[in-house]
Amino acid sequence: MRARVEIVFAALLAPAAARAQAVCAAPEASALWARIPDDLREGAWIARGDGDDGRLDPAPRVLTAELDGAAPREAVLAVDAIRRGAESRSLVWTFGCRDGAWRALGVLSLGVDAAWDGTLDARPGLAALRVERAPGMDHDFLRVEHLDVRGGADPRFERRRLVLIHVRDGLPFAALDLALREHVLAGPARATVYEATRALDLRAPRATLRVRTFSGSPPRWRACRTALRLEGRSYRAADPACFER
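Predicted model, so just to flag it, every value in this text is computed and none were measured.

Draft legend 1. Local environment of the pattern of salt bridges. What the rule picks out here adds up to 12 salt bridges. Close ionic contact of Arg89 with Glu87 constitutes a salt bridge, the shortest N to O distance being 2.8 Å. Take Arg89: its relative accessible area is 14%, and that puts it in the buried class. Taking relative accessible area as the criterion, Glu87 reaches 60% and is therefore assigned exposed. Across the pair Glu145 and Arg143 runs a salt bridge whose closest N-O atoms are separated by 2.7 Å. For Arg143, a relative accessible area of 12% gives the class buried.

Written out as C-alpha coordinates, the structure reads:
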(Lines give C-alpha, C1' and ligand atoms only; values in the text may rest on other atoms or scores of the structure.)
Protein backbone atom coordinates (compact mmCIF):
# COMPACT_ATOMS: atom_id res chain seq x y z
CA MET A 1 0.00 0.00 0.00
CA ARG A 2 2.97 2.33 0.51
CA ALA A 3 4.39 4.64 -2.14
CA ARG A 4 8.16 4.91 -2.20
CA VAL A 5 10.17 8.04 -1.59
CA GLU A 6 11.76 9.97 -4.44
CA ILE A 7 15.03 11.80 -3.87
CA VAL A 8 16.63 13.61 -6.81
CA PHE A 9 20.33 14.39 -6.56
CA ALA A 10 22.29 17.36 -7.85
CA ALA A 11 25.03 16.43 -10.30
CA LEU A 12 28.82 16.81 -10.06
CA LEU A 13 29.06 17.18 -6.29
CA ALA A 14 32.47 17.25 -4.65
CA PRO A 15 33.15 14.47 -2.09
CA ALA A 16 32.54 15.39 1.52
CA ALA A 17 36.26 15.11 2.32
CA ALA A 18 37.05 17.81 -0.27
CA ARG A 19 34.72 20.48 1.14
CA ALA A 20 35.96 24.00 1.55
CA GLN A 21 35.26 25.10 5.11
CA ALA A 22 34.27 28.71 4.33
CA VAL A 23 31.31 29.80 6.47
CA CYS A 24 27.94 30.19 4.78
CA ALA A 25 25.44 32.91 5.64
CA ALA A 26 22.50 31.98 7.84
CA PRO A 27 20.03 30.24 5.53
CA GLU A 28 16.96 32.19 4.40
CA ALA A 29 14.18 30.89 2.19
CA SER A 30 14.61 33.31 -0.72
CA ALA A 31 18.40 32.84 -0.81
CA LEU A 32 18.12 29.05 -0.72
CA TRP A 33 15.44 29.07 -3.42
CA ALA A 34 17.76 31.06 -5.68
CA ARG A 35 20.43 28.33 -5.29
CA ILE A 36 18.22 25.51 -6.56
CA PRO A 37 19.20 24.41 -10.10
CA ASP A 38 16.50 24.02 -12.73
CA ASP A 39 16.57 20.20 -12.64
CA LEU A 40 15.62 20.24 -8.94
CA ARG A 41 12.84 22.85 -9.21
CA GLU A 42 9.92 20.42 -9.35
CA GLY A 43 7.60 22.94 -7.72
CA ALA A 44 8.60 25.95 -9.82
CA TRP A 45 5.03 27.30 -9.78
CA ILE A 46 5.35 28.04 -6.06
CA ALA A 47 7.66 30.99 -6.83
CA ARG A 48 5.66 34.17 -7.28
CA GLY A 49 5.84 37.93 -7.06
CA ASP A 50 6.41 40.94 -9.28
CA GLY A 51 8.85 39.46 -11.71
CA ASP A 52 10.88 36.60 -10.23
CA ASP A 53 11.77 37.95 -6.81
CA GLY A 54 12.10 34.47 -5.28
CA ARG A 55 9.18 34.71 -2.85
CA LEU A 56 7.62 31.37 -2.01
CA ASP A 57 3.94 30.51 -1.70
CA PRO A 58 2.95 29.19 0.76
CA ALA A 59 5.35 30.11 3.56
CA PRO A 60 8.38 27.79 3.47
CA ARG A 61 10.14 26.18 6.41
CA VAL A 62 13.89 26.56 6.91
CA LEU A 63 16.15 24.82 9.43
CA THR A 64 19.71 23.58 9.86
CA ALA A 65 20.94 20.15 10.98
CA GLU A 66 24.16 18.17 11.24
CA LEU A 67 23.11 15.49 8.77
CA ASP A 68 26.52 13.96 7.98
CA GLY A 69 28.41 14.17 11.28
CA ALA A 70 30.90 16.81 10.14
CA ALA A 71 30.83 20.61 10.20
CA PRO A 72 29.46 22.76 8.70
CA ARG A 73 25.77 22.01 9.24
CA GLU A 74 23.42 21.39 6.35
CA ALA A 75 20.40 23.59 5.55
CA VAL A 76 16.87 22.46 4.69
CA LEU A 77 14.12 24.25 2.74
CA ALA A 78 10.64 22.68 2.72
CA VAL A 79 7.39 23.79 1.11
CA ASP A 80 3.96 22.37 0.23
CA ALA A 81 3.20 22.82 -3.49
CA ILE A 82 -0.43 21.69 -3.31
CA ARG A 83 -3.38 22.63 -5.51
CA ARG A 84 -6.93 21.26 -5.70
CA GLY A 85 -7.61 18.85 -8.55
CA ALA A 86 -4.03 18.85 -9.84
CA GLU A 87 -0.89 16.84 -9.36
CA SER A 88 0.70 18.17 -6.21
CA ARG A 89 3.56 17.41 -3.87
CA SER A 90 5.54 18.50 -0.87
CA LEU A 91 9.21 19.27 -1.49
CA VAL A 92 12.16 19.18 0.90
CA TRP A 93 15.51 20.38 -0.43
CA THR A 94 18.82 19.68 1.35
CA PHE A 95 21.74 22.11 0.98
CA GLY A 96 25.42 21.81 1.80
CA CYS A 97 27.83 24.66 2.52
CA ARG A 98 30.38 24.66 -0.35
CA ASP A 99 33.03 27.35 -0.84
CA GLY A 100 31.11 29.76 1.37
CA ALA A 101 27.78 29.35 -0.45
CA TRP A 102 24.77 27.06 -0.10
CA ARG A 103 24.52 24.38 -2.78
CA ALA A 104 21.48 22.15 -3.37
CA LEU A 105 22.36 18.51 -2.79
CA GLY A 106 18.98 16.97 -3.62
CA VAL A 107 15.23 17.16 -3.20
CA LEU A 108 12.83 14.83 -1.43
CA SER A 109 9.56 14.73 -3.39
CA LEU A 110 6.42 13.51 -1.60
CA GLY A 111 3.39 13.10 -3.84
CA VAL A 112 -0.15 14.23 -3.00
CA ASP A 113 -3.16 12.60 -4.65
CA ALA A 114 -4.92 14.95 -7.10
CA ALA A 115 -8.32 13.98 -5.56
CA TRP A 116 -7.29 14.93 -2.01
CA ASP A 117 -10.13 17.44 -1.59
CA GLY A 118 -13.37 15.58 -0.80
CA THR A 119 -15.23 13.75 1.93
CA LEU A 120 -12.29 13.18 4.28
CA ASP A 121 -11.65 15.94 6.78
CA ALA A 122 -7.90 16.18 6.32
CA ARG A 123 -5.55 18.44 4.39
CA PRO A 124 -2.39 16.92 2.90
CA GLY A 125 1.12 18.25 3.25
CA LEU A 126 4.05 18.37 5.64
CA ALA A 127 2.79 17.36 9.08
CA ALA A 128 6.16 17.49 10.89
CA LEU A 129 9.67 18.64 10.04
CA ARG A 130 12.28 18.50 12.76
CA VAL A 131 15.77 17.34 13.68
CA GLU A 132 16.12 14.04 15.51
CA ARG A 133 19.16 12.12 16.74
CA ALA A 134 19.05 8.47 17.69
CA PRO A 135 21.14 7.33 20.69
CA GLY A 136 24.69 6.39 19.71
CA MET A 137 24.58 8.29 16.39
CA ASP A 138 27.18 10.92 15.44
CA HIS A 139 24.79 12.86 13.21
CA ASP A 140 21.20 14.08 13.03
CA PHE A 141 18.33 12.79 10.98
CA LEU A 142 15.86 15.12 9.34
CA ARG A 143 12.49 13.72 10.38
CA VAL A 144 9.84 14.39 7.73
CA GLU A 145 6.24 13.37 8.35
CA HIS A 146 3.85 13.85 5.45
CA LEU A 147 0.09 13.38 5.08
CA ASP A 148 -1.31 12.17 1.75
CA VAL A 149 -5.10 12.07 1.30
CA ARG A 150 -7.64 10.95 -1.27
CA GLY A 151 -11.08 12.18 -0.31
CA GLY A 152 -12.66 12.67 -3.73
CA ALA A 153 -12.53 9.18 -5.26
CA ASP A 154 -12.58 5.54 -4.20
CA PRO A 155 -10.72 3.97 -2.62
CA ARG A 156 -10.41 6.87 -0.19
CA PHE A 157 -7.38 6.95 2.09
CA GLU A 158 -5.29 8.84 4.60
CA ARG A 159 -1.61 7.99 4.84
CA ARG A 160 0.89 9.56 7.28
CA ARG A 161 4.37 8.81 6.04
CA LEU A 162 7.72 9.08 7.82
CA VAL A 163 11.03 9.63 6.05
CA LEU A 164 14.35 9.98 7.92
CA ILE A 165 16.93 11.84 5.81
CA HIS A 166 20.67 12.02 6.36
CA VAL A 167 23.70 12.85 4.17
CA ARG A 168 26.25 10.28 3.07
CA ASP A 169 29.17 10.96 0.69
CA GLY A 170 27.80 14.44 0.03
CA LEU A 171 24.28 13.33 -0.95
CA PRO A 172 20.97 13.00 0.95
CA PHE A 173 19.52 9.52 1.43
CA ALA A 174 16.41 8.11 3.04
CA ALA A 175 17.62 6.11 6.03
CA LEU A 176 14.05 4.97 6.59
CA ASP A 177 10.79 5.32 4.68
CA LEU A 178 7.55 3.91 6.09
CA ALA A 179 3.90 4.76 6.67
CA LEU A 180 3.19 5.39 10.35
CA ARG A 181 -0.56 5.23 9.78
CA GLU A 182 -2.74 4.13 6.86
CA HIS A 183 -6.50 3.98 6.54
CA VAL A 184 -8.15 2.90 3.26
CA LEU A 185 -11.94 2.99 2.76
CA ALA A 186 -14.16 2.00 -0.16
CA GLY A 187 -17.78 1.63 -1.21
CA PRO A 188 -20.95 3.57 -0.36
CA ALA A 189 -20.62 2.60 3.32
CA ARG A 190 -17.00 3.77 3.43
CA ALA A 191 -15.99 0.39 4.82
CA THR A 192 -12.39 -0.06 5.96
CA VAL A 193 -10.51 -2.36 3.59
CA TYR A 194 -7.03 -1.79 5.02
CA GLU A 195 -5.64 -0.18 8.16
CA ALA A 196 -2.13 -0.10 9.59
CA THR A 197 -0.21 1.48 12.44
CA ARG A 198 3.58 1.32 12.74
CA ALA A 199 5.44 2.33 15.90
CA LEU A 200 9.13 3.17 15.55
CA ASP A 201 11.58 3.18 18.46
CA LEU A 202 15.15 4.26 17.64
CA ARG A 203 16.44 4.05 21.21
CA ALA A 204 19.43 1.91 22.17
CA PRO A 205 20.44 -0.88 22.35
CA ARG A 206 18.65 -1.49 19.06
CA ALA A 207 15.93 0.11 17.01
CA THR A 208 12.61 -1.69 16.71
CA LEU A 209 9.49 -1.46 14.59
CA ARG A 210 6.07 -2.72 15.69
CA VAL A 211 3.44 -3.25 13.01
CA ARG A 212 -0.31 -3.86 13.33
CA THR A 213 -2.43 -4.24 10.19
CA PHE A 214 -6.07 -4.95 9.33
CA SER A 215 -7.27 -6.43 6.06
CA GLY A 216 -10.98 -6.57 5.36
CA SER A 217 -11.14 -9.48 2.93
CA PRO A 218 -11.47 -11.63 4.95
CA PRO A 219 -11.40 -9.43 8.09
CA ARG A 220 -8.16 -10.09 9.92
CA TRP A 221 -5.79 -8.30 12.29
CA ARG A 222 -2.11 -9.16 12.22
CA ALA A 223 0.83 -7.94 14.28
CA CYS A 224 4.60 -8.34 14.18
CA ARG A 225 7.81 -6.82 15.50
CA THR A 226 11.26 -6.55 13.96
CA ALA A 227 14.66 -5.11 14.86
CA LEU A 228 16.19 -2.41 12.65
CA ARG A 229 19.89 -1.83 12.04
CA LEU A 230 21.48 1.14 10.27
CA GLU A 231 23.74 -0.30 7.58
CA GLY A 232 25.50 2.44 5.66
CA ARG A 233 22.83 4.65 4.13
CA SER A 234 19.64 2.98 5.35
CA TYR A 235 18.03 0.91 8.07
CA ARG A 236 17.59 -2.80 7.36
CA ALA A 237 14.91 -4.90 9.01
CA ALA A 238 15.81 -8.25 10.58
CA ASP A 239 12.40 -9.44 9.34
CA PRO A 240 11.78 -7.84 5.91
CA ALA A 241 8.31 -9.41 5.66
CA CYS A 242 7.24 -7.62 8.84
CA PHE A 243 8.62 -4.30 7.56
CA GLU A 244 6.71 -4.65 4.27
CA ARG A 245 3.43 -5.82 5.82
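Draft legend 2. View of the side chain of Asp113. Tracing the backbone shows Asp113 in the loop between β7 (101-112) and β8 (125-132). Residue classification places Asp113 among the buried positions, given a relative accessible area of 18%. Only 2.8 Å separates the side chain of Asp113 from the backbone nitrogen of Ala115, close enough to count as a polar contact. Among the polar contacts made by the side chain of Asp113, one reaches the side chain of Arg150 at a distance of 3.1 Å. Residues within four places of Asp113 in sequence aside, it is in contact with Asp148, Val149, Arg150 and Phe157.

Draft legend 3. Structural context of the pairing of strand β12 (residues 191-201). Pairing analysis gives six bridges linking strand β11 (residues 171-186) to β12, with the strands arranged antiparallel. Each bridged residue has a counterpart across the sheet, and for Arg181 the counterpart in β12 is Thr197.

Draft legend 4. Inspection of the environment of Gly170 at higher detail. When you line up the elements, Gly170 lands in the loop between β10 (156-168) and β11. Taking relative accessible area as the criterion, Gly170 reaches 1% and is therefore assigned buried. As a C-alpha pair, Gly170 and Leu67 span 103 residues in sequence and 10.0 Å in three-dimensional space.

Draft legend 5. Seen up close, the state of the cysteines. Counted by the stated rule, this structure contains two disulfides. Disulfide pairing places Cys24 opposite Cys97 at an S-S distance of 2.0 Å. Its S-S torsion of about 105 degrees marks the bond between Cys24 and Cys97 as right-handed, since a negative value means left-handed. Here the residue Cys24 occupies a position in the loop between β1 (6-9) and α1 (29-34), and Cys97 occupies one in strand β6 (residues 88-98), the gap between them amounting to 73 residues. The exposure class of Cys24 is buried, given its relative accessible area of 14%. The class for Cys97 is buried, based on a relative accessible area of 2%. Between Cys224 and Cys242 runs a disulfide, and the two sulfur atoms are separated by 2.0 Å. An S-S torsion of about 90 degrees defines the bridge between Cys224 and Cys242 as right-handed.

Draft legend 6. Summary view of the packing of aromatic side chains. This model, assessed by the stated rule, comprises three aromatic pairs. Note on Phe141 and Tyr235: the rings are 6.1 Å apart at their centroids and 45 degrees apart in plane angle, and the pair reads as tilted. Placement of the pair is Phe141 in strand β9 (residues 141-150) and Tyr235 in strand β15 (residues 234-237), with a sequence separation of 94 residues. In this structure Tyr235 comes out as buried when scored by relative accessible area, which is 10%. Geometrically, the ring pair formed by Phe214 and Trp221 is tilted, given 5.1 Å between the ring centres and 45 degrees between the ring planes. We classify Trp221 as partly exposed; its relative accessible area is 42%. The residue whose ring lies beneath Arg212 is Trp221, and the NZ or CZ to ring-centre distance is 4.0 Å.

Draft legend 7. Representation of the sheet that holds β9 within the structure. With antiparallel pairing, eight strands are arranged side by side in an open sheet as β8-β9-β10-β11-β12-β13-β14-β15. Two strands in the sheet have a free side with no partner beyond their single neighbour: β8 and β15. Each strand axis lies, on average, 20 degrees off the axis of its neighbour in the sheet, ignoring direction. Strand direction decides the pairing type here: β8 and β9, joined by seven bridges, are antiparallel. The residue bridging Arg130 from the neighbouring strand is Arg143, located in β9.

Reading the values: the criteria
Residues numbered from 1 in each chain as written. Predicted model: local features only at pLDDT ≥ 70, side-chain atom pairs only at ≥ 80, totals over all residues. Heavy atoms only, no water. Salt bridge = Lys/Arg side-chain N within 4 Å of Asp/Glu carboxyl O. Buried < 20%, exposed > 50% of the residue type's maximum accessible area, 1.4 Å probe, protein only. Helix = DSSP H or I, 4+ residues; strand = E, 2+ residues; numbered from the N terminus. Polar contact = N/O pair within 3.5 Å; in protein donor to acceptor, adjacent residues only side chain to side chain. Contact = heavy atoms within 4.5 Å. Pairing = 2+ DSSP bridges. Disulfide = S-S within 2.5 Å. Phe/Tyr/Trp six-rings, centres within 6.5 Å; stacked < 30°, edge-to-face > 60°. Lys NZ or Arg CZ within 6 Å of the ring centre and 35° of its normal. Axes fitted to C-alpha atoms, helices over the stretch in contact; angles between N-to-C directions.

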